Amino acid sequence: MNDERPAQTVATLGEFALIDRLAGALAEVGAAAAPDLPGIGDDAAIWTPTPGTRAVVTTDSLIAGIHFQLDWTGWRDLGHKALAVNLSDVAAMGARPRLATVSLALTGGEPLDGLLELYRGLGLLAARHGVTVAGGDIVASPERLGLHLTVIGESWPEADGRLLTRDAARPGDLLATSGPLGLSAAGLKLLIESGRVAHSSHDSRLIYTLQGTTHDYLAAHHRPEPRIAYGRALVAAGVRAAMDLSDGLFGDLAKICARSNVGARIDEAALPVPASLRARFPADWLALATRGGEDYELLFAAPRVALDQLRARYAAQGLPAPALIGEVLPMPTDGSPITLRHTDGSEEAIGGGAFDHFRG
Ligand SMILES: [Mg+2]
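Residues numbered from 1 in each chain as written. Predicted model: local features only at pLDDT ≥ 70, side-chain atom pairs only at ≥ 80, totals over all residues. Heavy atoms only, no water.

Trainee: Explain the overall build of the protein chain to me, using residue names and the numbers behind them.
Mentor: Looking only at helices and strands, the protein chain features 11 helices and 11 strands. Within the protein chain, the proportion of its 360 residues that are buried is 48%. Of the roughly 16,400 Å² of accessible surface on the protein chain, 53% is carried by carbon and sulfur atoms. (Helix = DSSP H or I, 4+ residues; strand = E, 2+ residues; numbered from the N terminus. Buried < 20%, exposed > 50% of the residue type's maximum accessible area, 1.4 Å probe, protein only. Areas by Shrake-Rupley, 256 points an atom, 1.4 Å probe, with all protein chains shown as cover.)

So this is what it looks like as structure tokens:
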């Protein structure tokens, strides 16, 4: 560890050499352009939609100090997550992601090695889901690193243009999630409690100093897995109402209630929270699972018959069974649209709790 040479930064490399190196990092991890997507190099990305499909477009930004902390986030994980949160939105629409564009807002002080790792993380996830990184932009940002991604997707070829939306929940539908809740929020809580924020290091090895019993939580926080196959199976089973959980169950469910003009009841006893998480956070597990955010599981509403069909389909595909968490009700005439039924049978009206970027 006696190598004192300063790491090469963006400022010393220059924009055009950087673009070449980033394209090289993508190629290195197998994220080559699809034949109908020429890849980086023209003034705009070219894309041939599959006939008979409907296109979806989503965009999401991650800003240093707001959405992530380089003190405790490795570059490779950051690249994974920046793409994963966008792919999760495509999964929530029941769609297939096709291409991504990446806009980097750089201070100039970023280490080249870090950005190459970021692109490897992004490229590995893109390759796994057949997504082409088709271009983007690099701009100077005086204060903070920012990643701005846009992903274009399309309905699955067998879906006849059907997609999942937030406005299709109906009273009598059951509510379910694609997987456990609260793991990512628990990971973030552990990172904050561990004092990682006090350190200033871009060393991705920091992430793994908390390995062990906390590993699943950290993995859930740093490397969320977009539920693309799950969303596809939802459409195939005839489900129509879904969204992905980014801002916490209660806050996100309130958005389905508002768009569908319905109410909802959640059963505390049915919440899919691992026993290990309940044991590790006896006072906080319910808040982590319902208001923590960044679960990136799918929340969906469906009639019982569709759910029964889903179970059979998921079992055949080796996907985790949906976790039933409650029921869609008529919109109440007054009060909160969401109630939580506790394990003792009492019911609590849930106030607004969605994460608001300008108030939180
Ligand atoms: Mg979303």
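Trainee: For the environment of Arg98, give the residues involved together with the corresponding values.
Mentor: In this fold, Arg98 is placed in strand β2 (residues 95-106). Distance from Arg98 to Gly153, taken between C-alpha atoms, is 4.9 Å for residues 55 residues apart in sequence. A polar contact is formed between the side chain of Arg98 and the side chain of Glu154, at a distance of 3.2 Å. (Polar contact = N/O pair within 3.5 Å; in protein donor to acceptor, adjacent residues only side chain to side chain.)

Trainee: Break down unusual backbone geometry for me, citing the residues and quoting the values.
Mentor: One non-glycine residue, Asp160, lies in the positive phi region at around 50°. Here Asp160 lies in the loop between β4 (146-155) and β5 (174-177).

Trainee: Can you tell me about the coordination of the magnesium ion, naming the residues and giving the values?
Mentor: In a perfect tetrahedron of four donors around a metal, the angles come out at 109.5 degrees. In a perfect octahedron of six, they are 90 or 180 degrees. Around the magnesium ion, the protein supplies Asp89 (OD) and Asp244 (OD) as donor atoms, at distances of 2.1 Å. Here the residue Asp89 occupies a position in helix α3 (residues 75-92), and Asp244 occupies one in strand β6 (residues 241-244), the gap between them amounting to 155 residues. Using a relative accessible area of 3% as the deciding quantity, one classes Asp244 as buried. (Donors = N, O, S within 2.8 Å, 3.2 Å for Na, K, Ca; no water.)

Trainee: Any details on the packing of aromatic side chains? Residues and values, ideally.
Mentor: Summed over all chains, the structure comprises 3 aromatic pairs. For the ring pair Tyr230 and Tyr314, a centre distance of 4.1 Å and an interplane angle of 55° mean the geometry is tilted. With Tyr230 in helix α7 (residues 228-236) and Tyr314 in helix α11 (residues 304-317), the pair connects residues that are 84 residues apart, well separated along the chain. The exposure class assigned to Tyr230 is buried, which follows from its relative accessible area of 2%. By the ring-pair criterion, three or more aromatic residues cluster together here, those being Tyr230, Phe300 and Tyr314. Lying across the ring of Trp285, Arg278 places its NZ or CZ 4.2 Å from the centre. Between Arg280 and the ring centre of Phe281, over which it is positioned, the NZ or CZ distance is 5.0 Å. (Phe/Tyr/Trp six-rings, centres within 6.5 Å; stacked < 30°, edge-to-face > 60°. Lys NZ or Arg CZ within 6 Å of the ring centre and 35° of its normal.)

Trainee: Quick rundown of the pattern of salt bridges? Include the residues and the values.
Mentor: According to the stated counting rule, one finds 16 salt bridges in the structure shown. For Lys189, the salt bridge is made with Glu193, and the minimal N-O distance between the two is 3.1 Å. Of this pair, Lys189 and Glu193 are both found in helix α5 (residues 183-193), 4 residues apart, which corresponds to roughly one turn of the helix. Put simply, Lys255 and Asp252 hold a salt bridge, and the shortest N to O gap is 2.9 Å. (Salt bridge = Lys/Arg side-chain N within 4 Å of Asp/Glu carboxyl O.)

Trainee: Let's hear about the sheet that holds strand β7 (residues 262-267): which residues, and what values?
Mentor: Pairing is mixed across the open sheet formed by 7 strands, whose spatial order is β6-β8-β5-β9-β7-β10-β11. In this open sheet, the two strands that pair with only one neighbour each are β6 and β11 (347-350). When strand polarity is set aside, the average angle formed by the axes of neighbouring strands in this sheet is 25°. Summarising the sheet, strand β10 (residues 338-341) and β11 pair through 4 bridges and their orientation is antiparallel. Counterpart to Thr339 in the pairing with β11 is Ala349. The strands that α3 touches are β6 and β8 (298-302); relative to β6, the one it contacts most, it runs at about 175°. (Pairing = 2+ DSSP bridges. Axes fitted to C-alpha atoms, helices over the stretch in contact; angles between N-to-C directions. Contact = heavy atoms within 4.5 Å.)

By themselves, these figures tell us nothing about what the structure is for.
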